[in-house]
Amino acid sequence: AMEGKEFRRRVYATQQDGNEVFNQTEFDKIWPHLRVLARSSPEDKLTLADGLNKSLLCNNKDECAKLKTEGIDVFPDRQVVAMTGDGTDDAPAL
């Protein structure tokens, strides 16, 4: 499991001007191993869903083969994610 705070720290890079930019490469290192994203904000859930939709990890045959040896399947088209939320502010991600 990973908490939202750690997830945000790892998938966003802070630029010199203070703006945060999503880092797809770092995200692609995390998501195959992620099973639970705890204490996450609605924005974390949206980042997870959006990052999975944009991921091209399935095109990296070597990395997919390595993950397969760890029991992790990367599907060739879209990945599957399930989310729950406890309020209406989660609606955009759900």
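Thresholds, definitions, all that
Residues numbered from 1 in each chain as written. Predicted model: local features only at pLDDT ≥ 70, side-chain atom pairs only at ≥ 80, totals over all residues. Heavy atoms only, no water. 1 Å grid on protein atoms, 1.4 Å probe; cavity = no way out; pocket = protein on both sides within 12 Å on 5 of 7 lines; lining within 4 Å. Points joined across faces, edges and corners; volume = space filled by probe spheres on them. Helix = DSSP H or I, 4+ residues; strand = E, 2+ residues; numbered from the N terminus. Nonpolar A, V, L, I, M, F, W, Y, C, P; charged D, E, K, R; others polar. Salt bridge = Lys/Arg side-chain N within 4 Å of Asp/Glu carboxyl O. Buried < 20%, exposed > 50% of the residue type's maximum accessible area, 1.4 Å probe, protein only.

Chemist: Talk me through the layout of surface pockets; I want residue IDs and the actual numbers.
Modeler: Of the voids in this model, the largest pocket is the one considered here, and its volume is about 510 Å³. Lining the largest pocket are 20 residues, and of these L34, R35, V80, V81 and A82 lie nearest its centre. Looking at which element gives the most residues to the lining of the largest pocket, the answer is helix α3 (residues 42-54), with three residues. Within the lining of the largest pocket, the residues separate by chemical class into 13 nonpolar, four polar and three charged. In terms of lining, the second largest pocket is formed by T25, D28, K29, P32, H33, L56, L57, N60, E63, K66, L67 and E70. When residues of the lining of the second largest pocket are traced back to their parent elements, those giving at least two are α2 (24-30) and α4 (61-69).

Chemist: Quick one: what's the story with the pattern of salt bridges, residue by residue and with numbers?
Modeler: Inspection of every chain in the model, using the stated rule, returns seven salt bridges. Of the charged contacts, one joins E6 and R9 as a salt bridge, the two residues approaching to 2.7 Å between their closest N and O atoms. Taken together, the residues span about one helical turn, with E6 and R9 both in helix α1 (residues 4-11) at a distance of three residues. Residue E6 is classed as partly exposed on the basis of its relative accessible area of 30%. Exposure remark for R9: the relative accessible area of 54% places this residue in the exposed category.

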